[in-house]
Amino acid sequence: MEKLRLGVNIDHVATVRNARGGDYPDPIRAAKMAEDAGADGITAHLREDRRHITDRDIERLIEALSVPLNFEMAATDEMQAIALRHRPHAVCLVPEKREERTTEGGLDVAQDENRLAHFIAPLADAGCRVSIFIAADMRQVEAANRIGAQVIELHTGAYCDAHAEERFDERDQELERLREMSGFAHSLGLEVHAGHGLTFDTVVPVAAFPEVRELNIGHYLIGEAIFRGLGDSIAEMRRLMDAARA
Ligand code: PXP
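About the thresholds
Residues numbered from 1 in each chain as written. Predicted model: local features only at pLDDT ≥ 70, side-chain atom pairs only at ≥ 80, totals over all residues. Heavy atoms only, no water. Near = heavy atom within 4 Å. Polar contact = N/O pair within 3.5 Å; in protein donor to acceptor, adjacent residues only side chain to side chain. Areas by Shrake-Rupley, 256 points an atom, 1.4 Å probe, with all protein chains shown as cover. Nonpolar A, V, L, I, M, F, W, Y, C, P; charged D, E, K, R; others polar. Pairing = 2+ DSSP bridges. Helix = DSSP H or I, 4+ residues; strand = E, 2+ residues; numbered from the N terminus. Axes fitted to C-alpha atoms, helices over the stretch in contact; angles between N-to-C directions. Contact = heavy atoms within 4.5 Å. Phe/Tyr/Trp six-rings, centres within 6.5 Å; stacked < 30°, edge-to-face > 60°. Buried < 20%, exposed > 50% of the residue type's maximum accessible area, 1.4 Å probe, protein only. Arc of directions from axis to C-beta. Core = buried A, V, L, I, M, F, W, Y, C linked by side-chain atoms within 4.5 Å. Parallel < 35°, antiparallel > 145°, perpendicular 65-115°, else oblique. Left-handed = near helix turned anticlockwise from the far one by under 90°. Salt bridge = Lys/Arg side-chain N within 4 Å of Asp/Glu carboxyl O.

### Notes on the site of the ligand
Stage number 1. The ligand sits among N9, D11, E72, V94, F133, E153, H196, G197, N216, I217, G218 and H219.
Stage number 2. At a separation of 3.0 Å, an oxygen atom of the ligand approaches a polar side-chain atom of E72.
Stage number 3. G197 places a polar main-chain atom, nitrogen or oxygen, 2.8 Å from an oxygen atom of the ligand.
Stage number 4. Here the ligand, which alone exposes 400 Å², has 90% of that area covered by the protein.
Stage number 5. Looking at the shell around the ligand residue by residue, the classes come out as three nonpolar, six polar and three charged.

Set out below in structure tokens:
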């Protein structure tokens, strides 16, 4: 099986920094530590309201990183201009507004196909690998394929929430949907990623899907860093992913 990449999302280091309004803790320092601990990429979401990552963080990440940057953003003209200026390795389109979401929380590509097809074309032309964050739903996978996305990232939030709330039948159904849609997307020629809400307890079954090539994980890793340190938190996630794959 091909190696599963780990993208570490550093947004919540910026959340803690912004709580005090100064420069500390620095998300770029966390990103460099994540690289050293085995992250294959760094993910950062420049939100329209700049509630965590800032424009300057993105500039500094582009300068500092040795691993690829996965730039998460809403499908707006402002964000498209920023992405075209920096040309990060990857762009992942995510919903920010309620009306852009499916019931499961991913981007409602099927509702907005025409606009999104035009939106991603210049990003792909600029050399960015374009990914769309969607629910594990066949309509959304097919729509992502039709608009010319190279990658889909499957939203694992419903699966993780069901696990955390001990709704185990639902959790198993969500996992089955993720498994089926990973296979389906792969059969269409899409590269498959997954993420949102993953923890040490929930990562293994998803990491074991052979079609999944990358997981993007943030909140839990940064939370666990409080207790065991960032390097150790990432190294443990890496170990669980590799074991699931073996
Ligand atoms: N993937 C995408 C597309 C996301 O938007 C997020 C959250 O920013 C993640 C992965 C990571 O989710 P979490 O922080 O819950 O691990």
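What follows picks up the thread again.
### A word on the sheet that holds strand β3 (residues 69–73)
Stage number 1. Strand order in the closed barrel formed by eight strands is β1-β2-β3-β4-β5-β6-β7-β8, and the pairing between neighbours is parallel. Between one strand axis and the next, the sheet turns through 25° on average, direction left out of account.
Stage number 2. Of the pairings in the sheet, the one linking β3 to strand β4 (residues 90–93) comprises four bridges and is parallel in character. In the sheet register, E72 faces β4, and the bridge partner there is C92.

### Regarding the side chain of Q140
Stage number 1. Position of Q140 among the secondary structure elements: in helix α6 (residues 138–146).
Stage number 2. Polar contacts involving the side chain of Q140 include one to the main-chain amide nitrogen of V109, which spans 2.8 Å.
Stage number 3. The residues contacting Q140, other than those within four sequence positions of it, are T102, L107, D108, V109, A110, I134 and A135.

### A look at the side chain of D108
Stage number 1. The residue D108 is located in the loop between β4 and α5 (113–125) in this model.
Stage number 2. With residues up to four places along the chain from it excluded, the contact list for D108 reads E100, R101, T102 and Q140.

### Topic: the packing of aromatic side chains
Stage number 1. All told, the structure shown has one aromatic pair when counted by the stated rule.
Stage number 2. Each ring, one from F200 and one from Y220, has its centre 5.0 Å from the other, and the planes form 85°; the classification is edge-to-face. Of this pair, F200 sits in the loop between β7 (191–195) and α9 (203–207) while Y220 sits in helix α10 (residues 219–228), placing them 20 residues apart in sequence.
Stage number 3. Judged by its relative accessible area of 13%, F200 is buried.

### Here we look at α10
Stage number 1. Burial in α10 covers these residues: L221, I222, E224 and A225. For α10, the arc enclosing every buried residue in end-on projection is 165°, short of the 170-degree limit, so these residues lie on one face. Of the exposed residues in α10, those oriented more than 90 degrees away from the buried face are H219, I226 and F227.
Stage number 2. Its buried side turned inward, α10 meets β1 (5–9), α1 (11–20), β8 (212–217) and α11 (230–245).
Stage number 3. G229 sits one or two residues past α10 and shows a positive phi near 90°.

### Describing the nonpolar core
Stage number 1. I42, L93, I132 and L215 are the most contacted members of the largest nonpolar core, which totals 75 residues.
Stage number 2. Among the elements that line this core, the one with the most residues is α11, at six residues.
Stage number 3. Once you skip the residues sitting within four places of it in the chain, I42 turns out to touch V8, I10, A31, A34, L61, L65, V67, P68, L69 and N70.

### Examining the pairing of strand β2 (residues 41–45)
Stage number 1. β2 sits mainly inside the fold: five of its five residues count as buried.
Stage number 2. Side chains G41, T43 and H45 project from β2 onto one buried face, and the interleaved I42 and A44 project onto a second face that is buried too.
Stage number 3. Judged from the four bridges that link them, β2 and β3 form a sheet pairing that is parallel. Along β3, the bridge assignment pairs A44 with F71.

### Focus on the packing of helix α2 (residues 27–36) against helix α3 (residues 55–64)
Stage number 1. Two numbers describe how α2 lies on α3: the axes approach to 10 Å, and their chain directions differ by 30°. When the axis of α2 is compared with that of α3, the two are roughly parallel. Judged by the sense of rotation from one axis to the other, the crossing of α2 with α3 is right-handed. Note on element contacts: α3 touches α2 through D57, R60, L61 and A64, opposite P27, I28, A31 and K32.
Stage number 2. Looking at the contact of α2 with α3, its residues break down into five nonpolar, no polar and three charged.

### Examining the pattern of salt bridges
Stage number 1. Applying the stated criterion across every chain, the model contains 27 salt bridges.
Stage number 2. The partner of K97 in a salt bridge is E48, and the shortest N-O contact between them spans 3.6 Å. Of this pair, K97 sits in the loop between β4 and α5 while E48 sits in the loop between β2 and α3, and the two are 49 residues apart along the sequence.
Stage number 3. Here E48 falls in the partly exposed class, since its relative accessible area comes to 29%.

None of this, on its own, says anything about what the molecule does.
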